[in-house]
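Reading the structure
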Amino acid sequence: MIILGLNIYHPDASACLLKDGRLIAAIEEGRLVRIKHWAGFPLESIKYCLREANLSLQDIDYIALNRDPKANMYKKLIFTITNRPSLSLFGDRLGNLSRLKETKNILSRHFSVPVRNINAKVFYIEHHRAHLGSSFFVSPFEKASVVSVDGFGDFSSCMVARGQKDRLDFCYEVNYPHSLGIFYTAFTQFLGFSRFGDEYKVMGLSAFGKPKYLREMEKILILKPKGKFSLDTSYLPFFKKGIILEWENREPSLQEAFSEKFIKKFGPPRKYNEEVSSFHTDIAASVQLAYENAFFHILNYAYKLNSIPYLCLAGGCVQNSLANGKISNNTSFKQVYIQPAASDSGGALGAAYYLYNQILVNKREFVMENAYWGPGFDDDYIGRGIESCANRLSGCSIERIADQNMLCRKIAGFISEGKIIGWFQGRMEWGPRALGNRSILADPRRKEIKSILNNRIKKREWFRPFAPAILIEKFGDYFKESSPDHFMSSIYPVRETKKKVIPAVTHVDGTARPQVVIQKDNPLFWQLIKEFESLTGVPVILNTSFNENEPIVCTPKD
């Protein structure tokens, strides 16, 4: 059984392919077209998935889309009658959803295959059900509480379910226009970070401030009984202002989500190049704490409903790794699973697995234990790439090292000397994190390396931290957490005795967002860190994504 899962006409457009319930390939379109968060029809991603599986379009049995035009139709109608939202917003959403029905026609044109020869049956999976499926159906848990939180999708922003064996049973949802994602995005814009996906900058900034404005935040984001919440939309009237999110084969562009009343409350928004003040850091700390309070409010009610100590999370808000790392201290959950592409790109994965397990009633066949589902390239291909740009490499020394042990010793030595390494190997990572296959690596012991990376290579804000990759065997020596996250999705406190050992990856608040490296999942990267430990006594390497304000590199040419 071949299933093609798609996230189309939505930010982080993507594709994945399952064969008999097992994942073969998964990729975000932005990595291939080189545009961050690209939204549209993921044609290149589909081509890659088919190549990786050695299949043609005609071999596909099912196509699963992570949107359902029919979802919440009654609620949409009532909201439209009651609130009279902007006609441009209403029309844009209708047009966007209507294109979903053209999927087979679009594939027919691009692959030069008559529609009648495309045998795949198309299924439309509601957005949050796809998110829930993307986590639970690939998790190691037989049963779990499952929670999805994001901006919006199919008129919902939050959904809670109970996962058991091969199915999900739904508990409750929070509907438009109430959204934790929009709440956080509005303050992200207010702080001068206006590009789509900039919320992580607020997380980094929050460590420098104090939550002085929490009370003001709580008047906008209001907690309700039974795990629910609402927004005071007089501060966030985005649904009356017109299109909030624009896309069409491009990087999504956000319009302002906040109102004049919001500005009167908090003052003028920070301009892009304006210096960050203590007011801005305090706003960041306040919005982060308000978000966390609402997030744990949802999770604690989910635990009350299901009484299961295992939790699966998905949705764009689950990129808030600062909140994720505090789950064990603020809820009764003992273990948490977050697959590496938890935001909208993971909707392709969730739609495919929701179809396979929930609708077609198949047993779960697969646990996602690593993130390496993108393209890979052999040494000869890489060598030809080097030769093709030899005229631009004058003055460089090029050496091919066939022995893996020698390679790792040599690179570990370079890192220990303060050199910065571009590390490209294996198949590309699925999701927003570089996890040892498309990484820039450096020495975590050198405090100055953080400013060097930010200023000279990554060219980004001074307050943004870097992450450590650590051998799983040594995780407990460095972090105060018993259940580590494998995909760099959670931030944990660094042990007091280790903060001065790894200052380049320890944030100002004494935390870090580690990647736990397991030998069987990534043997070459594990060996490199092991060699670095042999040289320095430190089983940690600074690991940041191999890019500079662009999508993470995919090919040798990139």
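First things first, this report covers the structure right here in the doc. (Residues numbered from 1 in each chain as written. Predicted model: local features only at pLDDT ≥ 70, side-chain atom pairs only at ≥ 80, totals over all residues. Heavy atoms only, no water.)

For the rest of this paragraph, the subject is the environment of Gly346. Structurally, Gly346 is set in helix α15 (residues 346–359). The exposure class of Gly346 is buried, given its relative accessible area of 1%. Between the C-alpha atoms of Gly346 and Gly316, which are 30 residues apart in sequence, the distance is 9.5 Å. In this view, Gly346 contacts Ser134, Gln339, Ala341 and Trp430; residues no more than four positions away in its chain are not counted. (Helix = DSSP H or I, 4+ residues; strand = E, 2+ residues; numbered from the N terminus. Buried < 20%, exposed > 50% of the residue type's maximum accessible area, 1.4 Å probe, protein only. Contact = heavy atoms within 4.5 Å.)

Attention shifts here to the sheet that holds strand β16 (residues 438–442). Paired through backbone hydrogen bonds, the strands of a sheet run either parallel or antiparallel to each other. Here five strands make up an open sheet; going across it, the order is β15-β16-β21-β17-β20 and the pairing mixed. On the outer flanks of this sheet lie β15 (421–424) and β20 (515–517), each paired with one strand and no other. The mean angle between the axes of side-by-side strands here comes to 35°, regardless of whether they run parallel or antiparallel. Across four bridges, the pairing between β15 and β16 is antiparallel. Counted as the bridge partner of Phe424 is Arg438 from β16. (Pairing = 2+ DSSP bridges. Axes fitted to C-alpha atoms, helices over the stretch in contact; angles between N-to-C directions.)

Simply put, the disulfide is a covalent bond whose two ends are the sulfur atoms of two cysteines. As enumerated under the stated definition, the model contains zero disulfides in all. Cysteine Cys158 is unpaired, with the sulfur of Cys317 as its nearest cysteine sulfur at 8.8 Å. (Disulfide = S-S within 2.5 Å.)

For the rest of this paragraph, the subject is the pairing of strand β21 (residues 540–545). Along any regular strand, the residues point their side chains to alternate faces of the sheet. The buried count for β21 comes to six of six residues, which makes it a mostly enclosed element. Sheet analysis places β16 next to β21, joined by four bridges and oriented antiparallel. Bridging from a neighbouring strand, Ile440 pairs with Thr544 of β21. In the sheet, strand β17 (residues 467–471) pairs with β21 via four bridges, with the strands oriented antiparallel. From the neighbouring strand, Pro468 faces β21, where its bridge partner is Leu542.

Throughout the structure, instances matching the rule amount to 24 salt bridges. As a salt-bridge pair, Asp282 and Lys212 come within 3.4 Å of each other at their nearest N and O atoms. Here Asp282 is found in helix α12 (residues 278–306), whereas its partner Lys212 is found in the loop between α8 (199–206) and α9 (214–218), with 70 residues between them in sequence. Given the relative accessible area of 57%, Lys212 is considered exposed. (Salt bridge = Lys/Arg side-chain N within 4 Å of Asp/Glu carboxyl O.)

Contact geometry of helix α17 (residues 404–416) with helix α20 (residues 523–536) gives a least axis separation of 8 Å together with a crossing angle of 55°. Relative to α20, the element α17 lies oblique. Between α17 and α20 lies a crossing whose hand is right-handed. When α17 is examined against α20, the residues Gln404, Asn405, Cys408, Arg409, Ile411, Ala412, Gly413, Ile415 and Ser416 are found in contact with a partner set consisting of Leu524, Gln527, Leu528, Glu531, Phe532, Leu535 and Thr536. Class assignment of the residues belonging to the contact of α17 with α20 gives a composition of eight nonpolar, six polar and two charged. (Parallel < 35°, antiparallel > 145°, perpendicular 65-115°, else oblique. Left-handed = near helix turned anticlockwise from the far one by under 90°. Nonpolar A, V, L, I, M, F, W, Y, C, P; charged D, E, K, R; others polar.)

Limitation: the analysis is restricted to geometry and does not speak to function.
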